[in-house]
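Coordinate inspection notes
Read off the chains here:
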Number of protein chains: 2
Amino acid sequence: MTKKIRVGIVGYGNVGRGVELSVLQNDDMELVAVFTRRKPENVRTVAESARVLHIDDIYKYKEEIDVLILCGGSATDLPEQGPKFAGSFNCVDSFDTHAKIPEYFNSVNEAAKLSGKTAAISIGWDPGLFSMNRMMLEAILPEGKNYTFWGEGVSQGHSDAIRRVKGVKNGIQYTVPVESAINRIRKGEQPDLTTSEKHLRKCFVVAEEGANKMEIEETIKNMPNYFADYDTVVHFISEEELLKNHGKMPHGGFVIRSGNTGEHNEKRHIVEFSLKLESNPEFTASVLTAYARAVVKLNQEGKTGALTVFDIPLRYLSPKSPEELRKELL
Amino acid sequence: MTKKIRVGIVGYGNVGRGVELSVLQNDDMELVAVFTRRKPENVRTVAESARVLHIDDIYKYKEEIDVLILCGGSATDLPEQGPKFAGSFNCVDSFDTHAKIPEYFNSVNEAAKLSGKTAAISIGWDPGLFSMNRMMLEAILPEGKNYTFWGEGVSQGHSDAIRRVKGVKNGIQYTVPVESAINRIRKGEQPDLTTSEKHLRKCFVVAEEGANKMEIEETIKNMPNYFADYDTVVHFISEEELLKNHGKMPHGGFVIRSGNTGEHNEKRHIVEFSLKLESNPEFTASVLTAYARAVVKLNQEGKTGALTVFDIPLRYLSPKSPEELRKELL
């Protein structure tokens, strides 16, 4: 039997927990430890036997870990941790600040090249699986347009914005793709659509006792950047209902390529990639875990530096051999 | 400016014509010649200026061609042409006899390794894009099931079977995915479904004058392998209607992965990749053309032998640089 892939998890929030669950689903992998900035005894992992260590101890485990999965946030954690840990470990992360990807790629690439390690950056579903479809379908159907829709799912940033409104006790915001826009594209139209034309914003708000609900609704709907440009719906609900019905983290979305071929571009083709996820962090974690396998195999083959979903052949994601894949799945 | 990728087309049926059209859409490519077994003067290409040559002359153009796109059939053309031409050219083909892929891969691989050429085999949408999704999604969500649906689209084999029935003048068969089966899967059920439970067969038949239509319908519906196991609908139409409404080659289908995560596998995720194609051969040709670009670049980097969609990093399909791809599409 081949040796198992030894995984370290850095950061134990929803995604970190999802990676622990995903590693448990993959027989060729095992969890070495969770590394945290918190007091290790305060972290409750899924498996009682899982080792939890303080992040400062991570370098002691350099020889025991084949790949680190970085589960911190893109705002402050990853810009520091990505290049730092790529200097000593193979890494996978879900860096998702689209505008800063080129800069982040360069800093991780430099560190990983120096250390001879391999790092897959910006892994997940967007960036990630959605990017693969956008890229691949543009190459296949150069005459055409890409559309990305997000939702229905919770936006953390917009939920936070609601909760800052005066008189709001609690709240959550769902980004919802506009059905009529999707249908136009599915029919083969290629309209120019802004993000606000493709999405509406559904808010569930718990008002403080005696608060002016009309005022809250107006404040939310007119909030610049977050809501003003969108069709926004505000529902007032009880705190009880919020906790009961809105505690999950569903998400999803679509990438649609509408493209043309033919002597006069008269043949239309619609290609769609869609996700309906009951747990956004657990699905993202499952993508990270599959790419962790790829990173270890690529490093063993001598491929070093930073890589993205565009650079990694799909077969590296699977525990199966190339022969098995060709026989069973091609 | 970089030199254009010089493409040769082998075989000029619907797919070959689609490749010619696709090359015209890609500024970094140019068509060197179409090679045919027919009399070259009998082949009418899209561009009047396109060079058409007899297949026997192909080796004279060895130095002028960067990649051959083989547009013959999987039954008899490709098993012979694939290994033969991989002995002298970089090649791309759409070999689609699933059961014989391992054997075909080995024979092309051996030839291409010997010649130092690169050959992408079984390229298209199934095998091809559908295989990529089946493989990738199984690796990401190991607990779950894959479903592949084909259609609505024309099946050549089943259309031929209809036309062999006594009293049938002409006919066409559409494979249609069963909506209720798709909906069960989309809802998160993971039923075991046979091909016949997932598809129904819709036949449009032109009867000869005086033929017994009831007998024709019964014969079709009871034909073993082709129709007996399926819900089959037979519509009798006039030859005029057949020519007017059934002359196109639409196709499509879905790959759906229904998978689970969570401590008790309680979170369901549905991932779907779907195609709605107005021209099956032109879309297939567009996939072949994008992979032709990949094959040339991989060969320049020293990667030789046979490859499938599982082996080729997506970025090779695009004319854009890795930097552009990360900036624009990740």
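Preceding this paragraph is the structure being described.
A quick note: this is a predicted structure, and the numbers were derived from the prediction, not measured. Per chain, residues are indexed from 1 in the order of the written sequence. Each chain takes a letter, starting from A, and each ligand takes a number, starting from 1, following the order in which they are written. For a predicted model such as this one, the threshold for reporting local features is a pLDDT of at least 70, and the threshold for listing and counting side-chain atom pairs is 80 or more; totals across whole chains, interfaces and linings nevertheless cover every residue. Hydrogen atoms and water are omitted, and side-chain values are computed over all heavy atoms in the structure.

1. A closer look at the overall build of chain A
Only runs of H or I of at least four residues qualify as helices and only runs of E of at least two qualify as strands under DSSP, and these elements are numbered from the N terminus. The number of helices and strands found in chain A is 11 helices and 14 strands. In summary, chain A has a C-alpha radius of gyration of 22 Å against a globular reference of 20 Å for 330 residues, a match within 12%. In terms of overall dimensions, chain A has C-alpha extents of about 65 × 60 × 35 Å along its principal axes. Looking at chain A residue by residue over its 330 residues, the buried ones come to 58%. Per element, the accessible surface of chain A, about 14,400 Å² overall, is 46% carbon and sulfur. By the counting scheme adopted, Arg and Lys are positive, Glu and Asp are negative, and His together with the chain ends is not counted. Here the site of a charge means atom NZ of a Lys, CZ of an Arg, CG of an Asp or CD of a Glu. Across chain A, the centroid of the 42 positively charged side chains sits 2 Å from that of the 46 negatively charged ones. Here the radius of gyration uses the C-alpha set of atoms, whereas the globule reference equals 2.2 Å times the residue count to the power 0.38. Only protein chains enter the accessibility calculation, which uses a 1.4 Å probe; a residue is then buried when its area is under 20% of its type maximum, exposed when over 50%, and partly exposed in between. Note on areas: these come from Shrake-Rupley sampling with a 1.4 Å probe, and a residue is covered only by the protein chains present in the view.

2. Some points on the side chain of A:Asp77
Residues and elements named next belong to chain A. Following the sequence through the fold, Asp77 ends up in helix H2 (residues 77–86). A distance of 3.1 Å separates a polar atom in the side chain of Asp77 from a polar atom in the side chain of Arg37. Polar contacts involving the side chain of Asp77 include one to the main-chain amide nitrogen of Gly73, which spans 2.9 Å. Contacts were defined at the residue level, with two residues in contact if any of their heavy atoms lie within 4.5 Å. Apart from residues lying up to four places away in sequence, Asp77 is in contact with Arg37 and Gly72. In protein, a polar contact means a hydrogen-donor-capable atom and an acceptor-capable atom, both N or O and within 3.5 Å, with residues adjacent in sequence counting only if both atoms are side-chain atoms; elsewhere, any N or O pair within 3.5 Å suffices.

3. A few points about helix H1 (residues 14–25) of chain A
A helix is expected to span 1.5 Å multiplied by its residue count minus one. The end-to-end C-alpha distance of H1(A) is 17 Å, a good match for the 16 Å that 12 residues give at a rise of 1.5 Å each. Most of H1(A) is tucked away: nine of the 12 residues are buried. Within H1(A) the residues assigned to the buried category are A:Val15, A:Gly16, A:Gly18, A:Val19, A:Glu20, A:Leu21, A:Ser22, A:Val23 and A:Gln25. Buried residues belonging to H1(A) abut strand E1 (5–10), strand E2 (29–36), strand E4 (67–70) and helix H10 (280–300) of chain A together with strand E12 (251–261) of chain B.

4. Some thoughts on the pairing of strand E9 (residues 168–177) of chain B
Residue and element names in this part refer to chain B. Among the 10 residues of E9, nine are classified as buried, and the element is accordingly described as predominantly covered. Bridge analysis of strand E8 (residues 153–154) against E9 gives two bridges, and the strand direction is antiparallel. Directly across from Gly153, in E9, lies its bridge partner Thr175. Relative to strand E10 (residues 199–207), E9 runs antiparallel, the two being bridged by nine bridges. Strands are labelled as partners when DSSP assigns at least two bridges between them.

5. Brief notes about the interface of chain A and chain B
In this complex, chain A contributes 67 residues to the contact, which on the side of chain B involves 67 residues. Take the accessible area each of two parts loses on contact, using a 1.4 Å probe, and add the two losses: that sum is the buried area. For the pairing of chain A and chain B, the buried interface totals around 6,200 Å² over both sides, and the portion due to carbon and sulfur atoms is 61%. Here a salt bridge means any side-chain nitrogen of Lys or Arg lying within 4 Å of a carboxyl oxygen belonging to Asp or Glu. Seen at the junction of chain A and chain B, the total is 10 salt bridges. Its salt-bridge partner being A:Arg268, residue B:Glu278 comes within 3.2 Å of it at the nearest N-O pair. For the pair chain A and chain B, the number of links is 35 residue pairs in polar contact (both at pLDDT 80 or more).

6. So, H2(A)
All names here are of chain A. In terms of burial, H2 is largely enclosed, as seven of its 10 residues are buried. Regarding H2, the residues found buried are Asp77, Leu78, Gln81, Gly82, Pro83, Phe85 and Ala86. If you follow the buried residues of H2, they end up packed against E1, E4, strand E5 (91–93), helix H3 (101–115) and strand E6 (118–120).

7. Digging into the sheet that holds E4(A)
All names here are of chain A. Pairing is parallel across the open sheet formed by seven strands, whose spatial order is E3-E2-E1-E4-E5-E6-E14. Both edges of this open sheet fall to strand E3 (52–54) and strand E14 (305–307), since each of them pairs with a single strand only. Averaged over all pairs of adjacent strands, the angle between strand axes in this sheet comes to 25°, irrespective of strand direction. Relative to E6, E5 is paired through two bridges, and the arrangement is parallel. Among the inter-strand pairings, Val92 is bridged to a residue of E6, identified as Ala120. Angles run from 0 to 180 degrees between N-to-C directions of axes, and those axes are lines fitted to C-alpha atoms, restricted for helices to the stretch in contact. Packing of H2 onto the sheet brings it into contact with E1, E4, E5 and E6, and relative to E4 it is tilted by some 175°.

8. Here we look at the sheet that holds strand E7 (residues 144–150) of chain B
One open sheet holds the six strands; their spatial order is E7(A)-E12(A)-E13(A)-E13(B)-E12(B)-E7(B), and the pairing between them is antiparallel. Two strands in the sheet have a free side with no partner beyond their single neighbour: strand E7 (144–150) of chain A together with E7 of chain B. For this sheet, the mean inter-axis angle between neighbouring strands, taken without regard to orientation, is 10°. Pairing of strand E12 (residues 251–261) of chain A with strand E13 (residues 267–277) of chain A involves 11 bridges; the strand directions are antiparallel. Note that in E13(A) the partner of A:His251 across the bridge is A:Leu277.

9. Focus on the relation of the copies chain A and chain B
Superposition of the copies was done by least squares, using only C-alpha atoms of residues whose pLDDT is at least 70 in both. Overlaying chain A with chain B gives an RMSD of 0.1 Å, the required rotation being 180° about an axis along which the chain moves by 0.0 Å. Put plainly, the chains are arranged around a two-fold axis. Looking at the interface residues of chain A, 100% of them are also at the interface in chain B, so both copies use one shared face.

10. Focus: the packing of helix H4 (residues 129–140) of chain A against helix H4 (residues 129–140) of chain B
At a closest axis distance of 14 Å, the pairing of H4(A) and H4(B) adopts a crossing angle of 170°. For the element pair H4(A) / H4(B), the angle class is roughly antiparallel. Here A:Leu129, A:Met132, A:Met136 and A:Ile140 of H4(A) come into contact with H4(B), specifically with B:Leu129, B:Met132, B:Met136 and B:Ile140. For the contact of H4(A) with H4(B), a count of residues per class yields eight nonpolar, no polar and no charged. Here roughly perpendicular refers to angles of 65 to 115 degrees, roughly parallel to angles under 35, roughly antiparallel to angles over 145, and oblique to all remaining angles. Gly falls in the polar group here, along with every residue not listed as nonpolar (Ala, Val, Leu, Ile, Met, Phe, Trp, Tyr, Cys, Pro) or charged (Asp, Glu, Lys, Arg).

11. Let's talk about the pairing of E10(B)
Residue and element names in this part refer to chain B. Taken across its nine residues, E10 has seven buried, putting it largely inside the fold. In the sheet, E10 pairs with strand E11 (residues 231–236) via six bridges, with the strands oriented parallel. Opposite Val205, over in E11, you have Phe236 as the bridge partner. The β-α-β motif built from E10, the intervening helix H8 (residues 213–221) and the parallel element E11 has right-handed crossover chirality. Handedness of a crossover is defined as follows: with both strands directed away from the viewer, a clockwise route from the first strand across the helix to the second makes it right-handed.

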